Amino acid sequence: MKTFTVELGERSYPIHIGPGLLAAGALIAETLPAARAVVVTNETVGPLYDEALVTGLEAAGVAVAAVIRLPDGEAHKTLATLETVYDRLLELKADRRTAVVALGGGVVGDLAGFAAATYQRGVPFVQVPTTLLAQVDAAVGGKTAVNHPRGKNMIGAFHQPRAVIADTDTLATLPDRELAAGFAEVIKYGLIRDPDFFAYLERHVDAVLAREAETLADIVYASCRNKAEVVAADERETGQRALLNLGHTFAHAIETGTGYTQWLHGEAVAVGMLMAAEASHRLGLFPGEALTRLRVLLDRAGLPVTAPADLPVQRYLELMGVDKKAEAGRIRYVLLEAIGAAFVTAEVPEDVIGAAIEACQ
C-alpha cells in the first residue's frame, strides 16, 4: 500500500492506494467521528464489492446502517437521484456524525459527496473509488455535484473527504472502455504539468491496457500526487487548479450536447484535450510534433480522437458559454504551450476555437 496526504490544514486527509484495501475497514474507521456509516453505490458496483466493504467496516467496529444502490450511469447524476439518497438518510435517522461512504466511479462519488455536503449542512464523507477515472481524478479534491440538463456539474459544492481508499484490485473488473476513459485523465496530468510522466505513459500504455498491477498502481499514485499538489495550493479553484480542467470545457459541451448518454466522461475529455491542443497549435503555441504525440497516445489507448459530427460549432459555443468556468460571459480555456506547460486564458478568438473543433470532427 502507498499512502500520502492531501495537505489542507485541519481538513487534510490520507489517500491509500493498493490491492485488497476494500476489506481494510480500519483505514476508514480511524477517520470517522462516530462508528456509523451509510454506503452509497450503484447497481453495477454494489453486487461486486459492497459486501466486502461492509464486512471490513463492521470488522473495524463501524455499524453500516444501509447500503443504497443507485441506478448506474451519468444520466442518473441528477437532483431526482440525489433526493432518493436524502430520503434514505432521513428514514435511517442519519445524524451529523453518520458518515457517507461512496463506493463506485465518478458519478457515485460526485453524487454521494454532494449528498454528504448538503445533508444537515454537511456530514463526514469517504471516497472508495472503483474505476480508474475516479481513482486518479474524481475522488480526489473535494468537488461534488450533480448535472443539470443545461450543463454538467452545475449544482454542487466543495466538500473534502475524510479519506480516499483506492483498491487497485477493483480495476480488474472494469470494462475496457471504462479503463480507457480513466486513462484520459491520467494523460491530462502529463500534459498540464509533468512531461516526464507523459513520456512514461507513452512507454507504458500497453501495460496499462493489459492491466499490469504494478503499472496501474504507479499511474494511480503519480496521478493522485499531481492532483493533490494542485489542490493543496488552490483548493477552491481560484488559480492554478483551473489547469485541471484541460479539455473539460469542450468535453462538458459534448456530454451535455449528447444528453449524457453516448459518451463517457473520459472519452469526451480525450477529444476535448485534442481540441484544446489544436487551438493552442493554431495560435502558434503548441508544436505540431507535440500535437501528433498526443493524438497517437490517445489513439493507442483506445480513446476517441474524433468528436461527434452532428454537434455544430455554434452549439459547442452555446453550451460552453454556460459552463461553470465561464466568467462575466467569457469562456476561459486551458491551453498548452508544450507538453507539461499549460495556462488559462479567455483571450482566444472564436474563429480559432471553431476551427479547432472542426479539425477534430
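A brief structural summary. Since this is a predicted model, take the numbers as computed values, not measurements. (Residues numbered from 1 in each chain as written. Predicted model: local features only at pLDDT ≥ 70, side-chain atom pairs only at ≥ 80, totals over all residues. Heavy atoms only, no water.)

Details of the overall build of the protein
Reasoning step 1: Across its full length, the protein carries 13 helices and eleven strands.
Reasoning step 2: In terms of principal-axis extent, the alpha carbons of the protein reach across some 60 × 40 × 35 Å.
Reasoning step 3: Across the 361 residues in the protein, those meeting the buried criterion constitute 57%.
Reasoning step 4: For the protein, the share of sequence-separated contacts (at least 6 apart) that also reach a separation of at least 24 residues comes to 76%.
Reasoning step 5: Of the roughly 13,800 Å² of accessible surface on the protein, a fraction of 50% belongs to carbon and sulfur atoms.
Reasoning step 6: Positive and negative side-chain charges of the protein, numbering 32 and 45 respectively, have mean locations separated by a distance of 5 Å. (Helix = DSSP H or I, 4+ residues; strand = E, 2+ residues; numbered from the N terminus. Buried < 20%, exposed > 50% of the residue type's maximum accessible area, 1.4 Å probe, protein only. Contact = heavy atoms within 4.5 Å. Areas by Shrake-Rupley, 256 points an atom, 1.4 Å probe, with all protein chains shown as cover. Lys, Arg positive; Asp, Glu negative; His and termini not counted. Charge placed at Lys NZ, Arg CZ, Asp CG, Glu CD.)

Some remarks on the packing of helix α6 (residues 176–193) against helix α7 (residues 195–209)
Reasoning step 1: Interaxial distance between α6 and α7 falls to 7 Å at its minimum, and their mutual angle equals 160°. Between α6 and α7, the angle falls in the class roughly antiparallel. The way α6 lies across α7 gives a crossing that is left-handed. On the side of α6, the interface is formed by Leu179, Phe183, Val186, Ile187, Tyr189, Gly190, Leu191 and Arg193, while α7 contributes Pro195, Phe197, Phe198, Leu201, Val205, Val208 and Leu209.
Reasoning step 2: A class-by-class count of the residues in the contact of α6 with α7 yields 13 nonpolar, one polar and one charged. (Axes fitted to C-alpha atoms, helices over the stretch in contact; angles between N-to-C directions. Parallel < 35°, antiparallel > 145°, perpendicular 65-115°, else oblique. Left-handed = near helix turned anticlockwise from the far one by under 90°. Nonpolar A, V, L, I, M, F, W, Y, C, P; charged D, E, K, R; others polar.)

Brief notes about the packing of α7 against helix α11 (residues 288–300)
Reasoning step 1: Where α7 contacts α11, the two axes come as close as 10 Å, and the packing angle between them is 15°. In terms of axis orientation, α7 runs roughly parallel to α11. Once α7 is placed against α11, the crossing between them reads as left-handed. Residues Phe198, Ala199, Leu201, Glu202, Val205, Asp206 and Leu209 of α7 touch α11, and the partners they reach there are Arg293, Leu294, Leu297 and Arg300.
Reasoning step 2: Among the residues forming the contact of α7 with α11, the class breakdown is seven nonpolar, no polar and four charged.

Topic: helix α3 (residues 79–91)
Reasoning step 1: The terminal C-alpha atoms of α3, which comprises 13 residues, lie 18 Å apart, in line with the 18 Å expected from a rise of 1.5 Å per residue.
Reasoning step 2: Every buried residue of α3 is accounted for by Thr81, Leu82, Val85 and Leu89. Buried residues in α3, looked at end-on, bunch into an arc of 105°, giving them a common side. What points out from α3, more than 90 degrees from its buried face, is the exposed set Ala80, Leu90 and Glu91.
Reasoning step 3: Its buried side turned inward, α3 meets β3 (36–42), β4 (63–70), α4 (106–118) and β7 (143–148). (Expected span 1.5 Å × (residues − 1). Arc of directions from axis to C-beta.)

Description of helix α10 (residues 265–282)
Reasoning step 1: Its 18 residues place the ends of α10 26 Å apart at the C-alpha level, agreeing with the 26 Å of an ideal helix rising 1.5 Å per residue.
Reasoning step 2: In terms of burial, α10 is a largely internal element, 16 of the 18 residues being buried.
Reasoning step 3: The first or second residue beyond α10 is Gly284, which carries a positive phi of 80°.

As for the sheet that holds strand β2 (residues 13–18)
Reasoning step 1: Pairing is mixed across the open sheet formed by seven strands, whose spatial order is β1-β2-β9-β6-β5-β3-β4. Either end of the sheet is taken by a strand with one partner, and the two such strands are β1 (2–6) and β4. Put simply, the sheet's adjacent strands are angled 15° from each other on average, direction ignored.
Reasoning step 2: Inspection of the sheet shows β3 paired to strand β5 (residues 99–104) by four bridges, in the parallel sense. The partner of Ala37 across the bridge, within β5, is Ala99.
Reasoning step 3: Contacts from helix α2 (residues 46–59) reach β3, β4, β5 and β6 (125–129), with the element oriented near 165° to β4.
Reasoning step 4: This element, helix α8 (residues 213–233), spans β1 and β2 of the sheet and lies at about 15° to β1. (Pairing = 2+ DSSP bridges.)

Some details on the packing of aromatic side chains
Reasoning step 1: One pass over the structure, following the stated rule, counts three aromatic pairs.
Reasoning step 2: Geometrically, the ring pair formed by Phe4 and Tyr221 is edge-to-face, given 5.5 Å between the ring centres and 90° between the ring planes. One end of the pair, Phe4, is in strand β1; the other, Tyr221, is in helix α8, with 217 residues separating them in the sequence.
Reasoning step 3: Residue classification places Phe4 among the buried positions, given a relative accessible area of 8%.
Reasoning step 4: By relative accessible area, Tyr221 is classed as partly exposed at 23%.
Reasoning step 5: On the numbers, 6.3 Å between centres and 20° between planes, the contact of Phe197 with Tyr200 is stacked. One end of the pair, Phe197, and the other, Tyr200, are both in helix α7, three residues apart, so they sit about a helical turn from each other.
Reasoning step 6: One cation-aromatic arrangement involves Arg225 over Phe4; the distance from NZ or CZ to the ring centre is 5.1 Å. (Phe/Tyr/Trp six-rings, centres within 6.5 Å; stacked < 30°, edge-to-face > 60°. Lys NZ or Arg CZ within 6 Å of the ring centre and 35° of its normal.)

Points about the environment of His159
Reasoning step 1: Within the secondary structure layout, His159 lies in the loop between β8 (151–158) and β9 (163–167).
Reasoning step 2: With relative accessibility at 17%, the residue His159 sits in the buried group.
Reasoning step 3: Note: C-alpha distance between His159 and Ala116 (43 residues apart in sequence) is 7.9 Å.
Reasoning step 4: Here His159 is in contact with Gly113, Ala116, Ala117, Gly122, Val123, Phe125, Gly142 and Thr144, once residues within four sequence places are set aside.
Reasoning step 5: From its side chain, His159 meets the backbone oxygen of Val123 in a polar contact 2.9 Å long. (Polar contact = N/O pair within 3.5 Å; in protein donor to acceptor, adjacent residues only side chain to side chain.)

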